[in-house]
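Observations on chain architecture
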Amino acid sequence: MNYFEFYGIPESFDIDATLLKKKFYALSKQYHPDFYAGEDETKQQEILELSTLNNKAYQVLSDQAQRMEYILKLHNLVSEGAKPQLPADFLMEMMDINERLMEVNDAKHLAEVTSEVLAIEGDINNKFTTLTADYTDLNHVAQESRLNEIAEIYFRQKYLLRIKESLDTFAARL
């Protein structure tokens, strides 16, 4: 079941955290397995599945990165093992950063590369915020178009995450 439908909220990249938490707690109480201990095994299994669904839905929807991936998966824009097509200029920039990272030999040089990576991450996050701000107000066709742009941001973030992990590795060595 679609997590947004399960909670009765519109599909959105920006969720009201308080409302989400209220819905989670209400459903946690409604589907708590202890309240169904006297029911038959079929009903107990159904409640256990709904309780598990509630926990998983809350875990995904309450985390921005997981929520983005979930929405993109709902629209078949992200799948396991998919190879994204990122712009050549972005890939060249990442290759340049990786090369400079391999040459890091002191804390000052590492700080320079880290600063550049954080600036790129900030730009990506700003673009994400701009693209998702009015998402729920768009018609279906416009949402689908916007989702393609958001998917590119998702893949850029994944790529950048690997570079940040490398930065952490190099920082630990210095």
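A few points on the structure.

How each quantity is defined
Residues numbered from 1 in each chain as written. Predicted model: local features only at pLDDT ≥ 70, side-chain atom pairs only at ≥ 80, totals over all residues. Heavy atoms only, no water. Helix = DSSP H or I, 4+ residues; strand = E, 2+ residues; numbered from the N terminus. Rg over C-alpha atoms; globule rule 2.2 N^0.38 Å. Buried < 20%, exposed > 50% of the residue type's maximum accessible area, 1.4 Å probe, protein only. Contact = heavy atoms within 4.5 Å. Areas by Shrake-Rupley, 256 points an atom, 1.4 Å probe, with all protein chains shown as cover. Lys, Arg positive; Asp, Glu negative; His and termini not counted. Charge placed at Lys NZ, Arg CZ, Asp CG, Glu CD. Phe/Tyr/Trp six-rings, centres within 6.5 Å; stacked < 30°, edge-to-face > 60°. Axes fitted to C-alpha atoms, helices over the stretch in contact; angles between N-to-C directions. Parallel < 35°, antiparallel > 145°, perpendicular 65-115°, else oblique. Left-handed = near helix turned anticlockwise from the far one by under 90°. Nonpolar A, V, L, I, M, F, W, Y, C, P; charged D, E, K, R; others polar. Core = buried A, V, L, I, M, F, W, Y, C linked by side-chain atoms within 4.5 Å. Salt bridge = Lys/Arg side-chain N within 4 Å of Asp/Glu carboxyl O.

1. Examining the overall build of the protein
Regarding its fold elements, the protein presents 7 helices and 0 strands. In sequence order, the secondary structure elements of the protein are arranged as α-α-α-α-α-α-α. Whereas a compact globule of 174 residues would reach a radius of gyration of roughly 16 Å, the protein reaches 21 Å, over 25% beyond that. Buried residues in the protein amount to 32% of all 174 residues. Residue pairs in contact within the protein that sit at least 24 positions apart in sequence constitute 66% of those at least 6 positions apart. Accessible area of the protein: about 10,900 Å², with a carbon and sulfur share of 50%. The distance from the centre of the 18 positive side-chain charges to the centre of the 30 negative ones in the protein is 2 Å.

2. Re the packing of aromatic side chains
What describes a pair of aromatic rings is the distance from one ring centre to the other and the angle between the planes of the rings. Taken as a whole and judged by the stated rule, the model has 10 aromatic pairs. Consider the rings of phenylalanine 90 and tyrosine 159, whose centres lie 5.9 Å apart with planes at 75 degrees: the pair is edge-to-face. Residue phenylalanine 90 is located in helix H5 (residues 88–102), and its partner tyrosine 159 is located in helix H7 (residues 140–173); the two are separated by 69 residues in the primary sequence. Residue tyrosine 159 is classed as partly exposed on the basis of its relative accessible area, which comes to 23%. Taken together, the aromatic side chains of Tyr3, Phe4 and Tyr70 make up a single cluster linked through ring pairs.

3. With respect to the packing of helix H6 (residues 107–132) against H7
Contact geometry for H6 and H7: axes closest at 10 Å, N-to-C directions at 160 degrees. By the angle between their directions, the pair H6 and H7 is classed as roughly antiparallel. Two packed elements cross with a definite hand, and for H6 against H7 that hand is left-handed. Residue composition of the contact of H6 with H7, grouped by class: 14 nonpolar, 5 polar and 6 charged.

4. Focus on the nonpolar core
Ranked by internal contacts, the top residues of the largest apolar core, which has 47 residues, are Tyr7, Phe13, Leu61 and Leu72. Elements that contribute at least two residues to this core include exactly helix H1 (3–7), helix H2 (17–30), helix H3 (41–61), helix H4 (64–74), H5, H6 and H7. Among the elements that take part in this core, H7 stands out by supplying 10 residues, more than any other. Ignoring sequence-local partners within four residues, the contact set of phenylalanine 13 consists of Arg67, Met68, Ile71, Phe128, Thr132, Tyr135, Leu147 and Ile150.

5. Examining the pattern of salt bridges
Should the charged atoms of two oppositely charged side chains come close, the side chains can pair. This model, assessed by the stated rule, comprises 7 salt bridges. The salt bridge partner of lysine 73 is glutamate 69, with a shortest N-O separation of 3.4 Å. Within this pair, lysine 73 and its partner glutamate 69 are both found in helix H4, separated by 4 residues, close to a single helical turn. On the accessibility criterion, glutamate 69 (21% relative accessible area) is partly exposed. The salt bridge involving glutamate 116 is made with arginine 100; its shortest N-O contact spans 2.4 Å. Taken together, the positions of glutamate 116 in helix H6 and arginine 100 in helix H5 put the pair 16 residues apart, joining distant regions of the chain. When salt bridges with common partners are traced through the structure, they connect Asp96, Arg100 and Glu116 into a single cluster.

6. Side note on the packing of H2 against H3
Following both chains from N to C, one finds H2 and H3 inclined at 170 degrees, their axes separated by 10 Å at the closest point. For the element pair H2 / H3, the angle class is roughly antiparallel. Contacts between H2 and H3 pair Leu20, Lys21, Phe24, Leu27 and Ser28 from the former with Asn54, Asn55, Tyr58 and Leu61 from the latter. Tallied by class, residues from the contact of H2 with H3 come to 5 nonpolar, 3 polar and 1 charged.

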